[in-house]
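Analysis of the macromolecular model
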Amino acid sequence: MGRRYSSAAAFSMAGALAACGGPQSVLRTGGVDAAQLAQLFWVMLAGAVVLWLLVNGLFLYVTRIKTRSLSRKWAEVLIIGGGIVFPTIVLGALLAYGLTMMPDQRAPGDGLRVRITGEQWWWRVEYWPEGAETPVISANELRLPAGLRSEIELTSAEVIHSFWVPGLGGKTDMFPGRPTRMSLEPTEPGSYRGQCAEFCGASHALMAMQAVVMEPAAFDAWLAKEAAPASLPEGPGRDLFFREGCGACHSLRGTEAAGAVGPDLTHLGGRSSLAAGILPMTSEALARWIADPASIKPEAHMPAYSHLSDAELASLAGWLEQLQ
Ligand code: CUA
């Protein structure tokens, strides 16, 4: 291999490895389930490297070292042994190894259930603590306690989506009318990025979410705060929200705004991102979003409020950001 090729190979290897540590990497594992899947990946990678070396070694051997043709008997041994018996054993062992992991990935939870509904193109998130009769409703962010296994119930409103937070576990499809389930046991507090993993329409690639793993006490405090009704600051933003009819689609719990079409906004400002993980939670981004959602997320169902002046958009956005 020439020097140019070795540096090119080293460069792409470094790039590939650098990409392995990001917030949406299956190799930056933050929980029991993702660690198990990463282990499966490394075992398969090691096996693939061994097989690659074996096959290429054999190829070099018969083309460069021992070029005379094989006897019929040895050719048959090679074809049946290498083409049927060997792959059957290797793939059978791999299948058995993979299947032994399945029950753990779907083990029952320790109490908390989170029901996530895929919408076009955002996530409706409901927390059901053990014994709860009504859920704590949120959106576009998944918070989980570290060290505990939580049930994740998945469903969808119109089309098939797939729930996937690579740093926490495997992916599971979300079907309209047929609930699916998985469970997650995160161990490392921190932020992990999730992404819808099934093509679901124009804005599929813009359907992301932030998963936040918290220490159990901090999680309980957060959930209690999230369950509380909205505390509404006074101001022109508040008047605009009600005058423009935002409450027909969005809820602010404890007020007459009780729409359930779009995301619940009761504690909107407390989320780390806007528009299902694609904008930062800032008043500038909120104003841009309200003015013309479809320019940011193609075919988004929310109508544009482009008739509002820049000053009105700014005060509405600034007020929404204060809904902590
Ligand atoms: Cu939802 Cu892709």
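All figures in this text were calculated on a predicted structure; none of them were measured in a lab. (Residues numbered from 1 in each chain as written. Predicted model: local features only at pLDDT ≥ 70, side-chain atom pairs only at ≥ 80, totals over all residues. Heavy atoms only, no water.)

This paragraph deals with the overall build of the protein. The secondary structure content of the protein amounts to eight helices and 12 strands. Against the 2.2 N^0.38 benchmark of 20 Å for 324 residues, the protein shows a C-alpha radius of gyration of 26 Å, more extended than a compact globule. Out of the 324 residues in the protein, the part that is buried amounts to 40%. Across the protein, contacts joining residues at least 24 apart in sequence account for 61% of those joining residues at least 6 apart. Accessible area of the protein: about 17200 Å², with a carbon and sulfur share of 65%. Distance between charge centres in the protein, computed from 25 positive and 30 negative side chains, equals 17 Å. (Helix = DSSP H or I, 4+ residues; strand = E, 2+ residues; numbered from the N terminus. Rg over C-alpha atoms; globule rule 2.2 N^0.38 Å. Buried < 20%, exposed > 50% of the residue type's maximum accessible area, 1.4 Å probe, protein only. Contact = heavy atoms within 4.5 Å. Areas by Shrake-Rupley, 256 points an atom, 1.4 Å probe, with all protein chains shown as cover. Lys, Arg positive; Asp, Glu negative; His and termini not counted. Charge placed at Lys NZ, Arg CZ, Asp CG, Glu CD.)

Attention now goes to the nonpolar core. Ranked by size, the top nonpolar core spans 34 residues in total, and within it Val-114, Ile-116, Trp-123, Tyr-127, Leu-142, Ile-152 and Phe-163 carry the most contacts. Of all the secondary structure elements, the ones that give two or more residues to this core are strand S1 (113-119), strand S2 (122-128), strand S3 (136-139), strand S4 (141-145), strand S5 (150-156), strand S8 (180-184), strand S10 (208-214) and helix H4 (216-227). Here this core takes five residues from S10, the largest share from any one element. Formed by 29 residues, the second largest nonpolar core is a distinct cluster that contains Leu-252, Leu-279, Ala-287 and Tyr-305. (Core = buried A, V, L, I, M, F, W, Y, C linked by side-chain atoms within 4.5 Å.)

Here we take up the pattern of salt bridges. Within the structure shown, the criterion is met by 13 salt bridges. With its nearest N and O atoms 3.1 Å apart, the salt bridge here joins Arg-143 to Glu-141. Like Glu-141, Arg-143 is buried. Each of Arg-113, Arg-115, Glu-126 and Glu-153 takes part in salt bridges that share partners, so that together they form one network. (Salt bridge = Lys/Arg side-chain N within 4 Å of Asp/Glu carboxyl O.)

Hydrogen bonding along the main chain pairs the strands of a sheet, whether they run parallel or antiparallel. If you trace the five strands from one edge of the open sheet to the other, you get S3-S2-S1-S5-S8, paired in mixed fashion. Two strands in the sheet have a free side with no partner beyond their single neighbour: S3 and S8. In this sheet, adjacent strand axes meet at a mean angle of 25 degrees when their direction is disregarded. Bridge count between S5 and S8: five bridges; the pairing is antiparallel. Bridged to Glu-153 within S8 is Arg-181. The sheet strands contacting H4 are S2 and S3, and the helix crosses S3 at an angle near 95 degrees. (Pairing = 2+ DSSP bridges. Axes fitted to C-alpha atoms, helices over the stretch in contact; angles between N-to-C directions.)

Below, the discussion takes up unusual backbone geometry. In terms of backbone geometry, most residues other than glycine have negative phi values and most peptide bonds are trans. With omega at 0 degrees, the peptide bond leading from Gln-120 into Trp-121 counts as cis. Examined against the element boundaries, Trp-121 turns out to sit in the loop between S1 and S2. Phi at Asn-140 is positive, roughly 60 degrees, even though this residue is not glycine. Among the secondary structure elements, Asn-140 is positioned in the loop between S3 and S4. When its relative accessible area of 6% is taken as the criterion, Asn-140 is described as buried. Its identity is not glycine, yet Glu-299 carries a phi of approximately 65 degrees, on the positive side. Mapped onto the elements of the fold, Glu-299 is located in the loop between helix H7 (293-296) and helix H8 (310-321).

On to the environment of Cys-200. By the secondary structure assignment, Cys-200 is in the loop between strand S9 (190-195) and S10. Sequence separation between Cys-200 and Val-165 is 35 residues, and the spatial gap between their C-alpha atoms is 17 Å. Discounting residues that sit within four places of it in the chain, Cys-200 has contacts with Gln-120, Trp-121, Val-159, Ile-160, His-161 and Met-207.

It is worth spelling out the pairing of S4 at this point. Counting buried residues along S4, five of its five residues qualify, which places the element largely inside the surrounding structure. Covered by surrounding structure in S4 are Glu-141, Arg-143 and Pro-145 together with Leu-142 and Leu-144, the residues of both alternating faces.

This brings us to the domain arrangement of the protein. Accessible area lost on assembly of the parts is the figure often given for the size of an interface. The domain boundaries assigned to the protein delineate domain 1 (25-61 + 83-226) and domain 2 (236-321). Between domain 1 and domain 2, the contact holds 22 residues from the first and 20 residues from the second. Three residues stand out in domain 1 for area buried against domain 2, namely Trp-121, Leu-206 and Glu-226, and they jointly supply 28% of the buried area on that side. Applying the counting criterion to the domain 1 and domain 2 interface returns zero salt bridges. The tally of links between domain 1 and domain 2 comes to 11 residue pairs in polar contact (both at pLDDT 80 or more). Among the elements of the structure, S2, S3, S4, S10 and H4 are those that each provide at least two residues to the side of domain 1 that touches domain 2. Looking at side-chain class alone, the side of domain 1 that touches domain 2 contains 10 nonpolar, five polar and seven charged residues. (Domains from an automatic or database assignment. Buried area = accessible area lost by both parts, 1.4 Å probe. Polar contact = N/O pair within 3.5 Å; in protein donor to acceptor, adjacent residues only side chain to side chain. Nonpolar A, V, L, I, M, F, W, Y, C, P; charged D, E, K, R; others polar.)

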